[in-house]
Amino acid sequence: METGSSSEGSPEPKKGKSKTPRKPKAKDSVLKQKSPAEFFAENKNIAGFDNPGKCLYTTVRELVENSLDSAESISELPVVEVTIEEIGKSKFNSMIGLVDRERVDEALYDDHETAKARERRLAKEAKAQEIQAKNAALGKKVKETTASKGMKGRGEASFYRVTCKDNGRGMPHDDIPNMFGRVLSGTKYGLKQTRGKFGLGAKMALIWSKMSTGLPIEISSSMRDQNYMSFCRLDIDIHRNMPHIHVHEKRENKDQWHGAEIQIVIEGNWTTYRSKILHYMRQMAVITPYAQFLFKFISDAPEKNVTIKFARRTDVMPPVPLETKHHPSSVDLLLIKRLITETSKQNLLQFLQHEFVNIGKSYAERLIGEMGPDFSPKMSVKSLTSQQIVRINQLFRQAKFDDPSGDCLSPAGEYNLRLGIIKELHPDMVATYSGSAQVFEGHPFIVEAGVSVGGKDVKQGLNIFRFANRIPLLFEQGADVVTRTALKRINWNNYKINQTQDKIGVFVSIVSTKIPFKGTGKEYIGDDISEIAAAVKSAVQQCCIQLKSKIVKKIQAREQQERKRNLSKYIPDATNAVYDVLKEMAQLHASKKKRYENEDAEILKKVSAKLITKETLRQKLAEHVEKVDYEMALEYATHGGVSEEPKEDIYIQSLETEPKFIDLRSPIFVFRLFQ
């Protein structure tokens, strides 16, 4: 009974859907994979493709750097032509086969202005005009009215055809599709100084082209002594990370041209990134004065067109960087395992000797003895267990090794750096310095620096130019080790340089087998590596010391000129005063009121006989001033290294011929012996 009553009193359970969580379907838990191309398409900012303007800049940068690498790899003086052609909306639509269509429903578009919005805008403009009229009536300065900007719709994109042509190595016919259409495949992998590291340059531009325009890339290429030219038109299958080839054929090469020409159409923004692209080209001309660059921007509006030629200043190229082996202190567990897998050496002793730098036979035997009884020189390197590999890695971290040499590096050189600065900036004075090879984390690096004072197109204060592996760094300057060193660690007043008033150019180039970039964009070098920070400071200081001596001499020469000017100004007054005194003394001597003897008497007789007049006295004083000025100038010229000897004509051979010569290199000059 109780049970029944209780059930009657309790409320009826509500009917409806069950609240128990729904089990996920099997297909929801399927493991998914992304191709490398798909990953970089979704995270394009990693490679510097943040927005349309930056995409245009990065595309130009990557193509130019690939061209320089290609020409330098065959010791050819680079000639690089870059063209950016603006493509209007109608032309772009015709390229992709799309017919222009007039708008039907205006309210559908992002840039549509409603009646109320238009009314508010017109009222605002009328009020502004009224205020300006009042100000004009009161005689106040009136600002020019700017045309109101309409809302720019998201669909109003700007498109550009970027073309880069060089005289480099070219590409093998069969390799072209994979070199452009497969992400993380390239020729720059390995331990050596390179301008690119990820194998993303032109491939990332192709991915951006695929995302923004859908148009393929076109490549023309030919190698030396090749009687045909390869032509390839392709895009990339982002999901499969494979090239999608439209055309791949061999064409006639009548001109025996060698190199590559790459043409790609992308969305971009020339207006906002114009200055960055031109600054990049100018700085590239500074660090590679042996290259010739031709840059063109072509627009439908002729007044927007730009053509700039950066001429070659020298034909002396830095040596080609060499691939090197890993230093034991720079490897990790994964790298050791990979080297063991790839090595052709049979035993552990040979492996240590040939796969790492600075491990000789005797030192390798000592290392193996220190590893323990489980290791022997003759044991097979392929038979090493995971525990034994860990032991090798631990010993590499703890043992001491000689530092790697900088022979594998290819710095620009003081000679080229100085020429580049003079060519592009025309400074009043410049000093350069190239440091010796140093090491961080087992990687060699060399720091070169230049400091200039004065010049054209240089603003007052510090103008900092940063280079890493001979490429300009334009973004994120504030956090860079060079910027922080120049602003905080150099006392410019100690070197007679005014940090705020003088036009100072600070140029620092760092080359290494591993540049410690911060962030994924490869745009700045961190300030946290003490070895690099100390080397940068020392190199800049060495330049400042050189400049100080030049500035001091310049100040002395200016003071000397000022002294001469002052002395010359007082010659007439001094002449009158001295002549009046001499005339009075001559009268006293003649009247025998006061007698003078020897030389004094002779001078007074000449004054009386008018052999010494005001004019002769003035001439003698002027000659004395000139003599003192000449002696001081000669002393200044001697210290400054200026020669008074007659000049001879020097005939410089044209760069267009190909003479045989031998270059004898020094850190500060190159002596060329023609055969």
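The name an unreviewed UniProt entry gives the protein is DNA topoisomerase 6 subunit B, with Lithocarpus litseifolius as the organism. The Subunit (unreviewed entry) comment attached to the protein in UniProt states, word for word, "Homodimer. Heterotetramer of two TOP6A and two TOP6B subunits."

Caption draft 1: Highlighting the overall build of the protein. A tally of regular secondary structure across the protein gives 17 helices and 16 strands. Looking at the 675 residues of the protein, the share that counts as buried comes to 40%. Restricting to contacts in the protein with at least 6 residues of sequence separation, those with at least 24 account for 73%.

Caption draft 2: How the structure looks around the sheet that holds strand E6 (residues 259-268). If you walk across this open sheet you meet the 8 strands as E5-E4-E3-E6-E2-E1-E7-E8, and the pairing is mixed. Each having just a single partner strand, strand E5 (242-252) and strand E8 (306-310) make up the two edges of the open sheet. Geometrically, the sheet is characterised by an average inter-axis angle of 15° between neighbouring strands, direction not taken into account. The pairing of strand E3 (residues 217-222) with E6 spans 5 bridges and is classified as antiparallel. Counted as the bridge partner of Ile219 is Ile262 from E6. Running at roughly 170° to strand E7 (residues 292-298), helix H8 (residues 270-287) makes contact with strand E1 (79-87), strand E2 (158-165), E6, E7 and E8 of the sheet.

Caption draft 3: Local environment of the packing of aromatic side chains. With the rule as written, the count across this model stands at 14 aromatic pairs. Aromatic side chains Phe92 and Phe159 sit 3.9 Å apart centroid to centroid with 5° between the ring planes, which places their arrangement in the stacked category. Placement of the pair is Phe92 in helix H4 (residues 89-95) and Phe159 in strand E2, with a sequence separation of 67 residues. You'll find Phe92 and Phe159 in the same group, each marked buried. Through a chain of ring-to-ring contacts, three or more aromatic side chains come together here, namely Phe351, Phe356, Tyr363, Phe396 and Phe401. When the ring centre of Trp257 is taken as origin, the NZ or CZ atom of Lys165, which lies over that ring, is 5.5 Å away. Seen from the ring of Tyr228, Lys250 lies directly overhead, with NZ or CZ sitting 4.5 Å from the centre.

Caption draft 4: Structural detail: the pattern of salt bridges. Under the defined criterion, the tally for this structure stands at 20 salt bridges. Note that Glu85 and Arg161 form a salt bridge whose closest N and O atoms lie 2.8 Å from each other. Linking Glu85 in strand E1 with Arg161 in strand E2, this pair joins segments that are 76 residues apart in sequence. In this structure Arg161 comes out as buried when scored by relative accessible area, which is 16%. Bridged by salt links that share partners, the residues Arg61, Glu65 and Glu523 form one connected network.

Caption draft 5: Inspection of a nonpolar patch on the surface at higher detail. A grouping of Met95, Ile96 and Leu98 is seen on the molecular surface, where their side chains present a nonpolar patch of about 240 Å² in accessible area. Tracing the chain through its elements places Ile96 in the loop between H4 and helix H5 (115-137).

Caption draft 6: Region of the structure containing the side chain of Thr314. Along the chain, Thr314 falls in the loop between E8 and helix H9 (333-342). Side-chain polar atoms of Thr314 contact the backbone nitrogen of Val316, separated by 3.1 Å.

Caption draft 7: Examining the packing of H8 against helix H13 (residues 414-425) more closely. Closest axis-to-axis distance for the H8/H13 pair is 7 Å, and the angle between their directions is 140°. As the angle between them shows, H8 and H13 are arranged oblique. Residue-level inspection shows Arg282, Ala285, Val286 and Ile287 of H8 in contact with H13, the latter providing Asn416, Leu417, Gly420, Ile421, Lys423, Glu424 and Leu425. Its residues assigned to classes, the contact of H8 with H13 comprises 6 nonpolar, 2 polar and 3 charged.

Caption draft 8: Highlighting the packing of helix H14 (residues 481-489) against helix H15 (residues 530-590). As a packed pair, H14 and H15 sit with axes 10 Å apart at the nearest point and diverge in direction by 55°. Judged on the interaxial angle alone, H15 and H14 are oblique. Between H14 and H15 the crossing geometry is right-handed. Along its contact with H14, which presents Val481, Val482, Thr485 and Arg489, the element H15 presents Ile532, Ala533, Val536 and Lys537. The class makeup of the residues in the contact of H14 with H15 is 5 nonpolar, 1 polar and 2 charged.

Caption draft 9: Molecular detail of the confidence of the model for the protein. Taken over all residues, the pLDDT of the protein has a mean of 82, while the share at 70 or more is 84%. The element-level mean pLDDT for the protein is lowest in helix H1 (residues 2-9), coming to 44, with E7 highest at 95. Below pLDDT 50 for its whole length, residues 1-10 participates in 0 contacts with residues either more than four positions away or in separate chains. Taken as a whole, residues 147-154 scores under 50 in pLDDT and shows 9 contacts with residues more than four places along the chain or in a different chain.

Caption draft 10: Examining the pairing of E6 more closely. In terms of residue burial, E6 counts as a mostly covered element, since 8 of its 10 residues are buried. Bridging between E2 and E6 involves 8 bridges; their strand directions are antiparallel. Residue Ser158 lies in a different strand from E6, and its bridge partner there is Gly268.

Caption draft 11: Inspection of the nonpolar core at higher detail. Membership of the largest hydrophobic core comes to 67 residues, with the highest contact counts inside it found for Ile84, Phe180, Trp270, Phe293 and Phe295. Element by element, the count of residues in this core is highest for H8, at 10 residues. Look past the residues within four positions of Phe180 in its chain and what remains in contact with it is Met171, Ala202, Lys203, Leu206, Ile217, Ile219, Leu234 and Ile262. Leu462, Ala468, Val481 and Ala533 belong to the second-largest nonpolar core, a separate cluster that totals 36 residues.

Cut-offs and rules
Residues numbered from 1 in each chain as written. Predicted model: local features only at pLDDT ≥ 70, side-chain atom pairs only at ≥ 80, totals over all residues. Heavy atoms only, no water. UniProt positions renumbered as here; feature names shortened; annotations may be inferred. Helix = DSSP H or I, 4+ residues; strand = E, 2+ residues; numbered from the N terminus. Buried < 20%, exposed > 50% of the residue type's maximum accessible area, 1.4 Å probe, protein only. Contact = heavy atoms within 4.5 Å. Pairing = 2+ DSSP bridges. Axes fitted to C-alpha atoms, helices over the stretch in contact; angles between N-to-C directions. Phe/Tyr/Trp six-rings, centres within 6.5 Å; stacked < 30°, edge-to-face > 60°. Lys NZ or Arg CZ within 6 Å of the ring centre and 35° of its normal. Salt bridge = Lys/Arg side-chain N within 4 Å of Asp/Glu carboxyl O. Patch = residues over 30% accessible without salt bridge, like charges linked within 9 Å, V, L, I, M, F, W, Y side chains within 5 Å. Areas by Shrake-Rupley, 256 points an atom, 1.4 Å probe, with all protein chains shown as cover. Polar contact = N/O pair within 3.5 Å; in protein donor to acceptor, adjacent residues only side chain to side chain. Parallel < 35°, antiparallel > 145°, perpendicular 65-115°, else oblique. Nonpolar A, V, L, I, M, F, W, Y, C, P; charged D, E, K, R; others polar. Left-handed = near helix turned anticlockwise from the far one by under 90°. pLDDT = per-residue confidence, 0-100. Core = buried A, V, L, I, M, F, W, Y, C linked by side-chain atoms within 4.5 Å.

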